[in-house]
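# Working through the structure, step by step
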Amino acid sequence: MLIYLRNVFKAATLRKNTSIVRYFSLSNNHAQLKGRDLLTLKNYTSEEIKYLLWVSADLKCRIKQKGEYMPLLQGKSLAMIFEKRSTRTRLSTETGFALLGGHPCFLTTQDIHLGVNESLKDTARVLSGMTDAVLARVYKQSDLDLLAKEATIPIVNGLSDSYHPIQILADYLTLQEHFGHLNGLTLSWIGDGNNILHSIMLSAAKCGMHLRVATPKGYEADSSVTAAAEQFAKEFGTKLFITNDPLEAASGANVLITDTWVSMGQEAEKKKRVMDFKGYQITMKTGKVASPDWVFLHCLPRKPEEVDDEVFYSPKSLAFQEAENRKWTIMGVMVSVLTDYSPQIPKPSV
């Protein structure tokens, strides 16, 4: 009986996302994220987000700058489920996981059709027995939630209709590298109320950043996300400002951010969307009302109607540094959820 109870307790402590794991998630300024899902940054604390950025910066420093060999994921495998095409998410995950000694397995809808050829419940259990983690780029957030519920391995959101957490980590690492800190920065989002904006809204305040948002009428962020963002702003003492005027949102901002106006699956709406977003293109005129030190971010791929060439290819643009950091942050996530690794470099100023 004693052995049985000991095994039950061990299983409970190792099972991802249990209250026991959450309770012991932080100790000595070291976030214990092994076994956790990353479905949305809403469920990650301020210290956990900062820890992921620390691990990512550490790996970039040790591997890219110092040339160290770090096979931290040797013997581990990753299932990569892609319902949507991708350049940065696929390349960053495949090359990053392999660089750490692991084996990534790329699966498209031709290989695995979630919930069609096999139920999501069965798929989750099969993948749990064959791989160590899953990164899924899907249409529906509910599919990720069900995978996470049924799987016994970490599930990482590679993009869904609701959130894109791994993109936002890359954005924050880029800003941390450029400014030397995140706390006190003012972000300005000018564009669609989409999954990228949702992820920023649910995490910016946790890093001490203010957020100013401009979306056209009818394209606002989800109301539940806005309510959560307002609560986080109160909790962390930051400011959240929402408007339909792009220049008003850009006023005094350190960072101007936008994204595609027509996401995958919205192609039929392109003509209407381009008309509705008239006046939302980011130009140097937009930058004139921002802080003198303003920089520009775009998660790519970029269209000229979203940001003109003068801004996009200027020294103000951090878009390509941001794209590279997709690799280091996904590596940071995978190392954090699959190992007990501790960063070696000093903790970055946040």
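See above for the structure.
Summary of the structure given here. (Residues numbered from 1 in each chain as written. Predicted model: local features only at pLDDT ≥ 70, side-chain atom pairs only at ≥ 80, totals over all residues. Heavy atoms only, no water.)

## Brief notes about the nonpolar core
Soluble globular proteins tend to pack their nonpolar side chains together in the buried interior. Rule in force here: By convention a nonpolar core is built from buried Ala, Val, Leu, Ile, Met, Phe, Trp, Tyr and Cys residues, the set being connected through side-chain atoms within 4.5 Å. Exposure classes here rest on a 1.4 Å probe applied to the protein chains alone. A residue is buried below 20% of its type maximum, exposed above 50%, and partly exposed in between. In this description a helix means any DSSP run of H or I spanning at least four residues, a strand means any run of E spanning at least two, and both kinds are numbered starting from the N terminus. Every residue pair with non-hydrogen atoms within 4.5 Å of one another is taken to be in contact.
Residues Leu-59, Tyr-172, Leu-175, Leu-182, Leu-187 and Ile-200 are the most contacted members of the largest nonpolar core, which totals 70 residues. Broken down by element, this core gets its largest block of residues, 10 residues, from helix α3 (residues 46-65). Those residues in contact with Leu-59, other than ones at most four positions away along the chain, are Lys-64, Met-70, Leu-72, Trp-328, Met-331, Gly-332, Val-335 and Tyr-341. Within the second largest apolar cluster, 21 residues are counted, among which are Ala-249, Val-262, Ala-290 and Phe-296.

## Quick notes on the packing of aromatic side chains
Cut-off, in case you're wondering: Pairing of aromatic side chains here covers Phe, Tyr and the six-membered ring of Trp, requires ring centres within 6.5 Å, and sorts the geometry by plane angle: under 30 degrees stacked, over 60 edge-to-face, intermediate tilted.
One pass over the structure, following the stated rule, counts 7 aromatic pairs. Where Phe-82 meets Phe-106, the ring centres are 5.1 Å apart and the plane angle is 55°; that geometry is what we call tilted. With Phe-82 in strand β3 (residues 77-82) and Phe-106 in strand β4 (residues 103-108), this residue pair connects regions lying 24 residues apart in the sequence. Phe-82 gets classed as buried once you look at its relative accessible area, which sits at 5%. Judged by relative accessible area, which is 24%, Phe-106 ranks as partly exposed. Relative to Phe-320, the ring of Phe-312 lies with its centre 5.5 Å away and its plane at 65°, an arrangement referred to as edge-to-face. For Phe-312, a relative accessible area of 4% translates into the label buried.

## Brief notes about the side chain of Arg-137
Where we set the bar: Two residue types count as positive, namely Lys and Arg, and two as negative, namely Asp and Glu; His and chain ends fall outside the count. Just to be clear on terms, a salt bridge is a Lys or Arg side-chain nitrogen sitting within 4 Å of an Asp or Glu carboxyl oxygen.
Summarising the element assignment, Arg-137 is placed in strand β5 (residues 133-137). Buried charged residue Arg-137 carries no salt bridge. Nearest counter-charge: Asp-259, at 8.9 Å.

## Quick look at helix α5 (residues 120-130)
Condition: By definition, the arc is the one covered by directions from the helix axis to the C-beta atoms.
Looking only at α5, the buried set comprises Leu-120, Thr-123, Ala-124, Leu-127 and Ser-128. The buried residues of α5 occupy an angular sector of 135° when the element is viewed end-on, so they sit on one face. Structural note: α5 exposes Gly-129 and Met-130 on the side pointing more than 90 degrees away from its buried face. If you follow the buried residues of α5, they end up packed against β3, β5 and α6 (141-150).

## A look at the sheet that holds strand β9 (residues 240-243)
Strand pairing in a sheet relies on backbone hydrogen bonds. The paired strands run either parallel or antiparallel. For the record, the criterion: When DSSP locates at least two bridges between a pair of strands, those strands are taken to pair. Axis angles are defined between N-to-C directions and span 0 to 180 degrees, where every axis is a line fitted to C-alpha atoms and, for a helix, only to the segment in contact.
One open sheet holds the 5 strands; their spatial order is β9-β8-β7-β10-β11, and the pairing between them is parallel. Across the chains shown, the open sheet's two edge strands, defined by having one partner strand only, are β9 and β11 (295-298). Direction aside, neighbouring strands of the sheet carry axes that sit 20° apart on average. Both strand β7 (residues 186-190) and strand β8 (residues 210-214) contribute to a ladder of 5 bridges, which runs parallel. Within β8, the position partnered with Ser-188 by the bridge is Arg-212. Its contacts with the sheet put helix α7 (residues 165-179) on β7, β10 (255-258) and β11, and the angle it makes with β11 is roughly 160°.

## Here we look at α3
Note the threshold: For a helix, the expected span equals 1.5 Å multiplied by the number of residues minus one.
If you check α3, its first and last C-alpha atoms are 27 Å apart, about what 20 residues at 1.5 Å a residue would give, namely 28 Å. α3 sits mainly inside the fold: 17 of its 20 residues count as buried. At the exit of α3 stands Gly-67, carrying a positive phi of roughly 70°.

## A word on the sheet that holds strand β6 (residues 155-159)
If you walk across this open sheet you meet the 4 strands as β4-β3-β5-β6, and the pairing is parallel. If you trace the sheet from one side to the other, it starts and ends with β4 and β6, each paired once. Across the sheet, the mean angle separating the axes of adjacent strands is 20° when strand polarity is ignored. Where β3 meets β5, 5 bridges bridge the pair, whose relative direction is parallel. Following the sheet pairing, Ile-81 is matched in β5 by Ala-136. In this fold α6 packs onto β5 and β6, with an angle of close to 165° to the strand it touches most, β6.

## Focus: the environment of Ala-133
Relative to the helices and strands, Ala-133 resides in strand β5. As a C-alpha pair, Ala-133 and Leu-107 span 26 residues in sequence and 13 Å in three-dimensional space. Among all residues touching Ala-133, those that are not within four sequence positions of it are Ser-77, Leu-78, Ala-79, Ile-153, Pro-154 and Leu-338.

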